[in-house]
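# Summary of the model geometry
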Amino acid sequence: MDRLRAVHEVTVANPRVPEQRAAFFAALSTVHGLIGASYPIDPSVLALAPCLEVVSSVSVGVDNYDRPALRQRGIVLTHTPGVLTETTADTLFALLMACSRRVVELANHVRDGHWNAAIDETLFGWDVHGKTLGILGFGRIGQAVARRGALGFGMPVVYHHPRVVSCPELADKALAVSQAELLSRADFLVLTLPLTVETRGLMNAERLAAMKSGAILINGSRGAVVDEAALLASLDRGHLRAAGLDVFAVEPLPLDSPLRRHPGVTAFPHIGSATHETRHAMAELATSNLLQALAGERPISAVD
Ligand code: DGY
């Protein structure tokens, strides 16, 4: 805020907070830049912002923004890749460990006073080390998850990515395979791809059924990549063992969502990058992007 206020007039208003909504929409008529995250910027919002030059998103994902509409208006869109890679990979590995070793369930077992005797096999978990780690979407975050699995847990890694990617650190430890082979081989399948027209609903009933029996699905991309009803059906049938989800089709997850209490689901409140250090780094980068673009310079991380 200090960096922004030193150069520009700043209005702080969150359109999701009912008391601040009017202020946000009123400010649109004069703003040159927007900075924030997770609020959809579509043609109806753009129509109210005739002077807008830059949208600086404090996120790596940019599925909330109507990119063709922004491009048509010549509005620069920036985001915050890189600074959140390792933290997001930590979160996804935490979900993977939590699902396989039943961390939340067993911690609650103690907390709720049920630890009266040594646990038996009904509460045993499943090994992580040595199992096959599958990554769908082998960008920065996917590669960072793969490094944790391959170098830390001795996991063979298979991945699928739409383009050829080079990852020298994992040269002999991660194998590019077809999507079908990935689904059939992975004991853990981690989704780290952006939400696009091509990836929406990608993990449908058919692809979930093509996953290895007893596999665990981890979603750190966007909720809409997975058909949630089909996922629940697969868990209920016992085909998939568990799912670790940081993202959902509707966020916050509605109270009546069956995903909230399903015994096979470990759900996080979209916290991939949510550490003090990383959110601060994202805010700094988003601020630099905004200031640079408003000054007519090339921003560090422009999307379009
Ligand atoms: C990101 O950076 O895209 C996170 O998922 C927050 O939206």
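Please read all numbers here as calculations on a predicted model, not as lab measurements.

### Here we look at the overall build of the chain
In terms of helices and strands, the chain carries 11 helices and 10 strands. Taking 304 residues into account, the globule formula puts the C-alpha radius of gyration at 19 Å, and the chain, at 21 Å, falls close to it. Relative to all contacts within the chain whose residues are 6 or more apart in sequence, the contacts with residues 24 or more apart total 59%. With the model as given, the accessible surface of the chain reaches about 15,600 Å², and the carbon-plus-sulfur share is 55%.

### Notes on the sheet that holds strand 3 (residues 76-78)
Neighbouring strands of a sheet are bound in pairs by backbone hydrogen bonds; such pairs are parallel or else antiparallel. One open sheet accounts for 3 strands, arranged 1-2-3; its pairing is parallel. In the strand order of this sheet, the two ends are held by strand 1 (33-36) and strand 3, each with one partner. Between one strand and the next, the sheet's axes are offset by a mean angle of 10°, whatever the strand orientation. Bridge count for strand 2 (residues 54-57) against strand 3 is 3 bridges, and the pairing is parallel.

### So, the sheet that holds strand 8 (residues 216-219)
Judged by pairing direction, the sheet is parallel, and its 7 strands sit side by side in the order 6-5-4-7-8-9-10 without closing on themselves. Across the chains shown, the open sheet's two edge strands, defined by having one partner strand only, are strand 6 (174-176) and strand 10 (265-267). Sheet twist, expressed as the mean angle between neighbouring strand axes with direction ignored, is 20°. Relative to strand 9 (residues 242-245), strand 8 runs parallel, the two sharing 4 bridges.

### Concerning the environment of Arg241
Structurally, the position occupied by Arg241 is in the loop between helix 10 (228-237) and strand 9. Accessibility expressed as a relative area gives 34% for Arg241, which makes it partly exposed. A sequence separation of 81 residues divides Arg241 from His160, and the C-alpha atoms of the two residues are 22 Å apart. If near-sequence neighbours (up to four positions away) are discounted, Arg241 is found in contact with Trp126, Gly214, Ala215, Ile216, Leu235 and Gly264.

### A word on the site of the ligand
Neighbouring the ligand are the residues Ser59, Val60, Gly61, Leu84, Arg222 and His270. Val60 has a polar backbone atom sitting 2.7 Å from an oxygen atom of the ligand. At 2.7 Å, a side-chain N or O of His270 approaches an oxygen atom of the ligand. Compared with its free state, where it exposes 230 Å², the ligand has 82% of that area covered by protein.

### With respect to the domain arrangement of the chain
Along its sequence, the chain is carved into domain 1 (2-82 + 275-294) and domain 2 (85-267). Computed over C-alpha atoms, the centres of domain 1 and domain 2 are 31 Å apart. If you look at the interface, domain 1 gives 6 residues, while domain 2 gives 5 residues. Summed over both partners, the interface of domain 1 with domain 2 comes to about 530 Å²; 48% of that surface belongs to carbon and sulfur atoms. When the buried area of domain 1 at its contact with domain 2 is split by residue, Asp63, Gly82 and Thr278 rank highest and sum to 64% of it.

### Observations concerning the side chain of Thr88
Turning to its location among the elements, Thr88 is positioned in helix 5 (residues 85-100). For Thr88, the side chain forms a polar contact with the main-chain oxygen of Leu84, separated by 2.8 Å. Look past the residues within four positions of Thr88 in its chain and what remains in contact with it is Ile141, Gly272 and Ser273.

### With respect to the nonpolar core
One finds Leu96, Leu133, Ile135, Phe138, Val145, Val190 and Ile218 to be the most contacted residues of the largest nonpolar core, which totals 31 residues. Counting only elements with at least two residues in this core, the list comes to helix 5, strand 4 (133-136), helix 7 (140-153), strand 5 (157-160), strand 7 (188-191), strand 8 and helix 11 (276-294). Broken down by element, this core gets its largest block of residues, 6 residues, from helix 5. Shared between two domains, this core takes at least three residues from each, and those domains are domain 1 (2-82 + 275-294) and domain 2 (85-267). Not counting residues within four places of it along the chain, the set of residues in contact with Ile135 comprises Gly142, Val145, Ala146, Val157, Val158, Tyr159, His160, Leu182, Leu189, Val190 and Thr192. Of all hydrophobic cores here, the second largest spans 28 residues; its members include Val158, Leu182, Leu189 and Leu235.

### Some remarks on helix 10
All of the buried residues along helix 10 are Ala230, Leu231, Leu232, Ser234 and Leu235. The elements touched by buried residues of helix 10 are helix 9 (205-210), strand 8, strand 9 and strand 10. You can read the cap of helix 10 off the contacts: a side-chain oxygen lies 3.1 Å from the backbone nitrogen of Ala229, and it is on Asp227. The first or second residue beyond helix 10 is Gly238, which carries a positive phi of 85°.

### With respect to the packing of aromatic side chains
In the structure shown here, the tally under the stated rule is 4 aromatic pairs. Plain terms: the ring middles of Phe24 and Phe25 are 5.2 Å apart, the flat faces sit at 90° to each other, and that makes the pair edge-to-face. Clustering of aromatic rings is evident, with ring pairs tying together Phe24, Phe25 and Tyr39.

Parameters at a glance
- Every chain is numbered on its own, with residues counted from 1 as its sequence reads.
- Predicted model: local features are reported for residues with pLDDT of at least 70 only, side-chain atom pairs are reported and counted for 80 or more only, and whole-chain, interface and lining totals are derived from all residues.
- Note that water and hydrogens are dropped before the side-chain values are worked out from all heavy atoms of the structure.
- Helix numbering and strand numbering both begin at the N terminus, where a helix is a DSSP run of H or I of at least 4 residues and a strand a DSSP run of E of at least 2.
- With the radius of gyration taken over C-alpha atoms, the globule rule is written as 2.2 Å times the number of residues to the power 0.38.
- Any two residues whose heavy atoms approach within 4.5 Å are treated as being in contact.
- Note on areas: Shrake-Rupley, 1.4 Å probe, and residue coverage restricted to the protein chains presented here.
- Being paired, for any two strands, means DSSP has found at least two bridges between them.
- Here the axes come from fitting lines to C-alpha atoms, over the contacting stretch only for helices, and the angles between their N-to-C directions go from 0 to 180 degrees.
- Type-normalised accessible area, obtained with a 1.4 Å probe on protein chains alone, sets the label of each residue: buried when under 20%, exposed when over 50%, and partly exposed for intermediate values.
- We define proximity as follows: a residue is near a molecule or strand when any one of its heavy atoms falls within 4 Å of that partner.
- Polar contact criterion, stated in full: a pair of N or O atoms within 3.5 Å, where within protein one must be able to donate a hydrogen and the other to accept it, and residues adjacent in sequence count only if both atoms are side-chain atoms.
- Residue ranges assigned to each domain were obtained from an automatic or database domain assignment.
- Here's the idea: put two parts together, see how much 1.4 Å probe accessible area each one loses, and the total over both is what we call buried area.
- For the purposes of this section, nonpolar cores are sets of buried Ala, Val, Leu, Ile, Met, Phe, Trp, Tyr and Cys residues that join through side-chain atoms within 4.5 Å.
- Stacked, edge-to-face and tilted are the three classes for Phe, Tyr and Trp ring pairs, Trp counted by its six-membered ring, which pair at centre distances within 6.5 Å; planes under 30 degrees apart are stacked, over 60 edge-to-face, the rest tilted.

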